[in-house]
Structures are given as C-alpha cells and as structure tokens.
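Fold and contact review
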Amino acid sequence: MAMFERSRALPLLCVVALLIVLWFGAALAMNWDQAQALADDDAGWTDVATAALSLDRPLLPTPDQVASEMFRSVFDYPANSPRSLLFHAGVTAWAAVLGFAIAVVVGMVLAIGIVHVRTLDRALMPWLIASQAVPVLAIAPMVVVVLGSIGQTGVVPKALIAGWLSFFPIVTGMVKGLRSSDPMRRDLMRTYSATDAQVFAKLRWPDSMAFLFPAMKVAAPLALVGAIVAELPTGAQAGLGARLLTGSYYGQTPQIWAALFMAAILAMLAVATVDGAQALLVRSRGGRL
Amino acid sequence: METGRPDKPDHGEHEGRPKSEQSDAAPERSDARAVIEAHDLGVTFTADSQTTVALTGVTLSVHQGEFVSLIGPSGCGKTTLLRLIADLEQASTGTLVVNGLTPEEARKRRAYGYVFQAPALYPWRNVARNVMLPLEVMGLPRAERQARAARVLNLVGLSEFRGRFPWQLSGGMQQRVSIARALSFEPTLLLMDEPFGALDEITRDGLTLHLHELWRRTSLTAMFVTHSVLEAVFLSTRIVVMSSRPGRVVSVIDSDLPRERDLDVRETPEFLALAHAVRAALREGHGDV
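This part is about the overall build of chain A. For chain A, the helix and strand inventory stands at eleven helices and zero strands. Of the regular secondary structure in chain A, the N- to C-terminal order runs α-α-α-α-α-α-α-α-α-α-α. Relative to the 2.2 N^0.38 estimate, which gives 19 Å for 289 residues, the radius of gyration of chain A is 24 Å and therefore markedly larger than a compact globule would have. Reported as C-alpha extents along the three principal axes, the dimensions of chain A are approximately 90 × 60 × 35 Å. Burial analysis of chain A (289 residues in total) assigns 41% to the buried set.

See the structure below:
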C-alpha cells in the first residue's frame, strides 16, 4: 500500500515541480520589460531578473507572490472582514450552494416529468437544449441588472444564474437514470401489480442514483462558475467575482490569482462533498452504488 | 399454418384435453380444480412489417398441485406461454383462464409468483429486504413482512444470509433468494422461467432437489420452463414438449414417477423411459418443421 501511495505521489510532485518551474519562467519573460524599465541603467541582468520576480503589480505574479497573497488575505484578517479572502469565498460559496440546490430540485422535477409524461418528453427536451445554447456567461450581466431593477439583489440573482448553468447535467443524468431500470426488474414489479408511484419509489429512483451522482459532480463546479460570473457585472461588493474585478481594476494581479486559486479549492471541496455523500449512500447499500 | 395443421391430429396429446380426460382417472388429480386453462392460444408479433408466429394452437390445462414443465428448443414459445399466463404478454388468439380469472385479474390479485432466468434481485437491498419487496408493494405491516421473510428464507435455507447483499452471494444462492421472494406473498401458482439456466451443473442438481422438496411440502402448482430433459423429468408430474417455428405443443407426457423423489430416481428404468419419451418427442417436433 505504501509502495502504491509513493508511486502515485512521485509523478504528481514531478508535475507540480515542472509547472512551478514553467510558471517562474513565464513570469520572468512577461515581467521582463516592466522590470527593465524600472531598473537603473547600470543594472545587470541578474538585478532585472530579481526585480521581475518581485514587482508590485506584475503582469504575471510568481507562485510565491500568489502564495503569500493567499496566506495574508486568509490569515491576517478575521473571516468576517471584507479584506479576508475567506469572507469572499464564503459569499460566493453560499450563492453556489443555493444555485446548486435549485439545479438539483429543478433538474429532478423536470426529469421525473420527462420520464412519466410522454408529451413533456417531446416538448421539453428541445427547450432544455436551447437553454444550454444560450451563452449564460454573456447574458448574466443582463439577468443581474434586470433582477436588480425589480428589487432582487444580493444572493438571489447569483443563485439563479448558478442554477441555470448547472441544472442541465442533472436533468440528462436523472432522465437516463430513471430509464435505466433492468426490464426484468420492471416486469417483476408488474407481477406484483405495483402502482406507478411504487415502481418509481422502489425501482426507478434507487436506480437513478448511479447516474445522479456523476451528474452532480459535473454540476457542482458549474454552479460555482455561475456564482462567480454573476458577481462580475455590477461590481459586486463581495465574493470571488468582486475580488477578480477589483484586482483587475487596480492591477492587483496577485489578488486575482489568489481568488482563482480559492475558486479552484472551492470546486474541489464541492466535488469532494458530492463524493462524500455518494460514499454514505454506497455504505447504506452494502458497498455498491 | 395456423391451427389445424394436417399433422397435428397425429399426436393427439398436443390438444391436452383428450389426454387430461384420460389421466383424470389418476386419483391425485381427479378432483383438483384447474389452475390454468388455455384454449387454442396463439401469439403473433409484428415488427418492421414482418410477422412472427411465436405461439399457435396451444390448448392445455394445469390442475392444482401439478408440476408442469415446458420443454423445447429455443424460440419454441415456452417463455412466451409463461409470460401470457403472467399477463406480461398479450395473446393474439384463443382464451386463457388463470385461477378462474383473466390473466390480468389474476395478476392484480397476485395469484402467482414469477421467477425469471436471472435472479433480478435489487442490488441496493439486502437479502431480507429483497424478499420483503413484494410485501411492501402489497402494503403489509412491518412485523408481518419480517415474519414472512424469515419463514421463506428458512424455506430456501438462507436464514443466516438475510443481512447480505446480492453481490455477496453465489449465483445459486441469488436464485434461491429470488425463489423465496416469489414465495413470500404466498401465491398458489409458481411460474419459473429457466431459473437454473445460468448455473453450473452441481448447483443445478442441488437446487432442483431443493425445488422438488419445496413443491412436495406445499400445495403449490408449478409451471417450469427448461431446456434440460433430466431436470424436466425429475421435477414434473407432466411434461409439455414444444417445437419451434411456429411455437406449439407437440406432446404432453404424464409422469408415473412417485411424488416423492430423490436424485437416485434418475437411475431407474422408469425415469430413463420417460426421458427417452421426452427426447423422442423433441426430435419429432424438430423433424417435422
């Protein structure tokens, strides 16, 4: 087991090391001109290189600059301060969680309708596909502004956009799952003369879980993206989107990158939470999904 | 092509009726009521404007307490006949009465238990909960469900496996669970569609013996679809030999073996004579197509 773990950790570390080296190289190249412009005329290339890796407003901050920015903004302020990165992460996460909940509920209801009502199957699917063709990222600002004009500000418009962006995988996954029941097991329910509701509760629903969880794993990071995008347009006061925005206003590239890394961490946490829920279900089912 | 093939009267047994009148003289069946009565039953499938006659001119009556095997080559409609009785398929012609009712009424009153080719257990339910599934559908109270599950699991010798999940059991044990499940709501009729088809020979022998004892100790009427001549002869009081294209009854062979049997009966001359008669009928059915 230890051998296995080591053999997995080693390649991973190699990749991380390689990425960091490449990142430093890229930072050096991109920041070189700015560093040279700021440097004294008699500065050697080592001085310029040192300066390029420690600029205040670099084009591309170095990994250590991003790390120290993250460390500072997470640990130097209380979590309820607007200067704390955790505060902003919390605001975005809350909107994403609400949006994800909307996506799961709406997705399930739509899937149940599609599976049980023939007309919905034919009438609804084209619209659902069309809804995904709409570039939500582009119209999100409009949605936020429109909802704001009817008094819906704060978390509601963000959650709606997050839900919009993430419900489709849930619908398709659930439709497939609810239809995945083995014909023999369905015949069996018929021999018991089970009602449609019983077939749903005892066969279709449990069968759909094997499709719901992968769908949720796709949907959870999408909800996060939706929440961040919804924070961009109105110059929101809080949230990772707001951090991205103010960072780019003031050329605070380390702040942008710190927010991006925080978003990545949140996405990993979201997927891990879905995995955890799945593990609980698997355990209650005796070890198989 | 339909009924009244010129060669049919040659094997008078296929009509069932003359034969059963004849054998009604046998004391154990004379006063038993008919559980299944099929008259001139036919099924025609149409797919892509091509018509397939799956079953034609089947006339057969099965009395209470009988063990009737349906044997014949693949595609002879033996499974279709079983599914007609179970109301999982609709007859195109003829009449079929199950327990004095139409198949649909009989199904709605849960007159029969059905065992499929595969165990068709629900993988997310443990053994006991699988067995309780039909009882839940029927709406029996919890205590009653548990009592019945305990009894039928004892009947198939799987009491100590009640908490296991299907994937933790061997194929033979899974099929025993599925038989227990079919018995749990106390049907008077047990329909089995090649229940041991996917199992190795030693397991088959054990289960065949088990099934025989189960039938002998209860007042069950059983219909058993099989490919195996030995299995059919060992288990049955009557063997219905069918032929394919179109599926029809070639011959009905009454067994004069004692009701109580063990595996050694397979070495007796009576058993071998019966097996020979079944094989001859199978060849005959195959030859005249």
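All right, on to the interface of chain B and chain A then. The interface of chain B with chain A comprises 25 residues on the first partner and 20 residues on the second. Taking both partners together, chain B and chain A bury about 2,200 Å²; carbon and sulfur atoms supply 61% of that area. Ranking the residues of chain B by area buried against chain A places B:Trp124, B:Val137 and B:Trp167 at the top, with a combined share of 31%. Across the salt bridge formed by B:Asp87 and A:Arg190, the nearest N and O atoms sit 3.4 Å from each other. At the junction of chain B and chain A, the tally comes to ten residue pairs in polar contact (both at pLDDT 80 or more). Those elements that provide at least two residues to the side of chain B that touches chain A are helix H4 (103–108), strand S5 (112–115) and helix H5 (127–138) of chain B. It is H5(B) that contributes the most residues to the side of chain B that touches chain A, four residues altogether.

All names here are of chain B. The antiparallel open sheet is built from three strands, whose spatial order is S2-S1-S4. Edge positions in the sheet fall to strand S2 (50–63) and strand S4 (93–98), since each has one partner strand and no second. Strand-to-strand twist of the sheet, defined as the mean angle between neighbouring strand axes without regard to direction, takes the value 20°. Inspection of the sheet shows strand S1 (residues 34–47) paired to S2 by ten bridges, in the antiparallel sense. Following the sheet pairing, Thr46 is matched in S2 by Thr51.

Residues and elements named next belong to chain A. Orientation of helix H4 (residues 85–116) relative to helix H9 (residues 196–231), taken along the N-to-C sense of each, is 140°, at an axis distance of 8 Å. The two elements H4 and H9 meet at a crossing, and its hand is right-handed. Across from Val91, Thr92, Ala95, Ala96, Phe100, Val104, Met108, Ile112, Val115 and His116 in H4, the residues of H9 making contact are Phe200, Arg204, Trp205, Leu212, Met216, Ala219, Ala220, Ala223, Leu224, Ala227, Ile228 and Glu231. The class makeup of the residues in the contact of H4 with H9 is 18 nonpolar, two polar and two charged.

On to the pairing of strand S8 (residues 238–243) of chain B, then. Residues and elements named next belong to chain B. Burial within S8 is extensive, with six of its six residues counted as buried. The sheet contact formed by strand S3 (residues 67–71) and S8 spans four bridges and is parallel. Paired with Ile71 across the two strands is Val241, which belongs to S8.

Turning our eyes to something else, we now look at the confidence of the model for chain B. Residue and element names in this part refer to chain B. On average, residues of chain B score 83 in pLDDT, and 88% of them are at 70 or above. Counting interchain partners and residues more than four positions distant, the pLDDT-below-50 stretch residues 1–30 has 44 contacts. Here the predicted complex carries an ipTM of 0.80, next to a pTM of 0.80.

Each value, and the rule that gives it
- Residues numbered from 1 in each chain as written.
- Chains lettered and ligands numbered in written order.
- Predicted model: local features only at pLDDT ≥ 70, side-chain atom pairs only at ≥ 80, totals over all residues.
- Heavy atoms only, no water.
- Helix = DSSP H or I, 4+ residues; strand = E, 2+ residues; numbered from the N terminus.
- Rg over C-alpha atoms; globule rule 2.2 N^0.38 Å.
- Buried < 20%, exposed > 50% of the residue type's maximum accessible area, 1.4 Å probe, protein only.
- Contact = heavy atoms within 4.5 Å.
- Buried area = accessible area lost by both parts, 1.4 Å probe.
- Salt bridge = Lys/Arg side-chain N within 4 Å of Asp/Glu carboxyl O.
- Polar contact = N/O pair within 3.5 Å; in protein donor to acceptor, adjacent residues only side chain to side chain.
- Pairing = 2+ DSSP bridges.
- Axes fitted to C-alpha atoms, helices over the stretch in contact; angles between N-to-C directions.
- Left-handed = near helix turned anticlockwise from the far one by under 90°.
- Nonpolar A, V, L, I, M, F, W, Y, C, P; charged D, E, K, R; others polar.
- pLDDT = per-residue confidence, 0-100.

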